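As a plain string of letters, each chain reads:
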Amino acid sequence: MLKIHTLGKFQLQYNDKVVEMKEIRSAMMTKVLLYLLIYRDEELNSERLCMAIWERSDVANPAGALKNLIYRLRNFFRNEFGIEDVILNSCGSYKWNPQVDVELDVEKFKEIIKTAKNQEKEKAILLYREGLDIYKGDFMPAFLDLYWILTLNTYYHSLYLSAAKRLAEIYSTDNNMTDLEKLCNVAIKIDNTEEEIYCYLIEALVKLDHVSMAYETYDKAKKILFNELKIDKTEKLDEAYKMILSFSKSDVVDEMDEVYEDINEMDEDVKGAFVCGYQVFKEIYRMNARLNARDDEEGQVLLITLDSCYKQKNDMTEYQIKRAMASLEKILIDSLRIGDVISKYSTSQYIVLLQSCNEENGIMVSNRIVEKLLEKNKKNRSVSVQIDLEPVELASRADRLFQN
């Protein structure tokens, strides 16, 4: 039986011999072969094959070029595998020889996943595992310039993700966190922009007591989703993050030293403001609002917004945003006190908590930040800075500030 691998890479296997795509030495031969294999139960006329292989490309004599490719494919199979007449020709139409048995990985993958949907849990788990193991990567990623390949690529990718999420749901329900973590790590290698997979991974890491890794996963996911998809608001991911914040250790300790070692910062030379994710910032803010209300202390919160000075342009360029935001973060860390807290609020905004700070000092700090940022960007004056200053409050306006 001739086995065809198309997921992740194109590979032919017949008996003990394996041939990689690079050994075929012709992208056009590979495309013709792939189309003939996928539609091997049909007779394909020259016009249909030419349209599939060249689509809208201008080819002087497509029928002649196709005939040459078919001739080369027949020779290839004869020389590499000793198989005669793999492609039949009748009245200008071509068809894969039904006497040559074929196992196509995408067909096997699709059949197993669809069968798993209608099985009892234990059988479904086995089938999902078997099907997902077949998926070594996306379908023919080297040929996405062809519409029919792009369509199949999207379909099988979607089928993989739906199966992975279904199996993850089963693992989650069964509290099988070890297998859930393994599944999610593999799925993220296939698609690192699937928010729901990150949520399942965070759940597994938290319940396996790998809280630091869960936090790193959340932070990494937020950055990837923004950089790749420009998604800044991640409701599912933020819900998963609340799981991290509510985590309590399962093991009872005997000595306070163990607790201290666990909660203490590793870096003894701690300087500058504390940088954290927005969810942590909200919790710190709320704690400070309570302390200030109790002790009659003051605190200020700053929202720093970067924009373009050129009003004819609606937004700053992506490059300008990244550069200015990177400069702003460094300035905030270096300029603020060790007890102050900063977090990225959006693509062009940072939010800052100034503890034990009145309005007058908050204004002074704001002016210092603006001066340093403009000085840092003096070679490019396209960046404008706006700072909103509000007191730390226990409720009402503070609730509206942290609504997302």
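What you are looking at is a predicted structure, and each value in this text was computed from that prediction instead of being measured.

K.L.:
How would you summarise the sheet that holds strand β1 (residues 2-5) if you had to cite specific residues and measurements?
P.N.:
Read across the open sheet, the 4 strands follow the order β3-β2-β1-β7; overall the sheet is mixed. Looking along the sheet, the strands with just one partner apiece sit at the ends: β3 (17-20) and β7 (102-104). Ignoring which end each strand starts from, the neighbouring axes of this sheet average 15° apart. Pairing analysis gives 3 bridges linking β1 to β7, with the strands arranged parallel. Across the sheet, the residue bridging to K3 is E103, located in β7.

K.L.:
Let's hear about helix α10 (residues 211-229): which residues, and what values?
P.N.:
Given a rise of 1.5 Å per residue, 19 residues ought to cover 27 Å, and the 26 Å separating the end C-alpha atoms of α10 matches this to within 8%. Of all the residues in α10, the buried ones are A214, T217, Y218, A221, I224, L225 and F226. Contacts from the buried residues of α10 go to α9 (195-207), α11 (235-245) and α13 (278-295). The positive-phi residue at the C-terminal boundary of α10 is K230, with phi of around 60°.

K.L.:
Outline the pairing of strand β6 (residues 93-96), supporting the account with residue identities and numerical values.
P.N.:
Where strand β4 (residues 44-45) lies against β6, 2 bridges are found, and the strand directions are antiparallel. From the neighbouring strand, L44 faces β6, where its bridge partner is Y94. Here strand β5 (residues 87-90) pairs with β6 via 4 bridges, running antiparallel. Note that in β6 the partner of N89 across the bridge is Y94. Linkage of β5 to β6, two consecutive antiparallel strands, is achieved through a turn of 2 residues, within which C91 is found at a positive phi near 55°.

K.L.:
If you had to explain the nonpolar core to someone new, which residues and values would you point to?
P.N.:
Within the largest apolar cluster, 103 residues are counted, with the highest numbers of intra-cluster contacts made by L12, F77, W96, F109, F139, Y160 and F281. In terms of residue count, the dominant contributor to this core is helix α7 (residues 147-173) (13 residues). When near neighbours in sequence (up to four residues on either side) are disregarded, F109 contacts L7, G131, I134, Y135, Y156, L159 and Y160. Among the nonpolar cores identified, the runner-up in size contains 19 residues, and L302, L306, A324 and L336 belong to it.

K.L.:
A description of helix α6 (residues 121-134) should follow, citing residues and the corresponding values.
P.N.:
A rise of 1.5 Å per residue sets the reference length of α6, with its 14 residues, at 20 Å; its end C-alpha atoms lie 20 Å apart and thus fit the reference within 8%. Turning to α6, its buried residues are A124, I125, L127, Y128, G131, L132 and I134. Those residues of α6 hidden inside the fold are in contact with α5 (105-116), α7 and α8 (177-190).

K.L.:
Outline the packing of aromatic side chains, listing residues and values.
P.N.:
Scanning the entire structure with this criterion turns up 15 aromatic pairs. Over the ring of F226 we find K230; its NZ or CZ atom is 5.2 Å from the centre of that ring.

K.L.:
Requested: an account of the pairing of strand β9 (residues 299-308), with residues and values cited.
P.N.:
Most of β9 is tucked away, with 9 of its 10 residues classed as buried. Bridge count for β9 against strand β11 (residues 349-355) is 7 bridges, and the pairing is antiparallel. Looking at the pairing, I304 lines up with Y350 of β11.

K.L.:
Any details on the sheet that holds β6? Residues and values, ideally.
P.N.:
Taken in spatial order, the 3 strands line up as β4-β6-β5 in an open sheet, and their pairing is antiparallel. Every interior strand has two partners, whereas the edge strands, β4 and β5, have only one. Of the strands in this sheet, β5 and β6 touch helix α4 (residues 62-81), which is tilted by about 140° from β5.

Cut-off values and rules
By convention here, each chain's residues receive numbers from 1 onward along its written sequence. It should be noted that, the model being predicted, local features are given only for residues of pLDDT at least 70 and side-chain atom pairs only at 80 or more, the latter also being counted only at that level, while totals for whole chains, interfaces and linings use all residues. As a convention, hydrogens and water are excluded, and side-chain values are obtained from all of the structure's heavy atoms. Note on pairing: DSSP must find at least two bridges between two strands before they are called paired. Segments assigned H or I by DSSP are reported as helices when at least four residues long, segments assigned E as strands when at least two residues long, and all are numbered from the N terminus. Axis geometry follows a simple rule: fit a line to the C-alpha atoms, using only the stretch in contact for helices, then measure angles between N-to-C directions, giving values from 0 to 180 degrees. Take the residue count of a helix, subtract one, and multiply by 1.5 Å to get its expected span. Exposure is judged per residue with a 1.4 Å probe applied to protein chains only, and the accessible area is read against the type maximum: over 50% gives exposed, under 20% gives buried, and values in between give partly exposed. In this description, contact between two residues means that some pair of their heavy atoms is separated by no more than 4.5 Å. Take the buried Ala, Val, Leu, Ile, Met, Phe, Trp, Tyr and Cys residues and link them wherever side-chain atoms come within 4.5 Å; each set so joined is a nonpolar core. Ring pairs shown here join Phe, Tyr and Trp side chains whose ring centres sit within 6.5 Å, with only the six-membered ring taken for Trp; geometry is labelled stacked below 30 degrees between planes, edge-to-face above 60, and tilted in between. The rule is short: NZ of Lys or CZ of Arg within 6 Å of the ring centre and within 35 degrees of the ring normal puts a charge over the ring.

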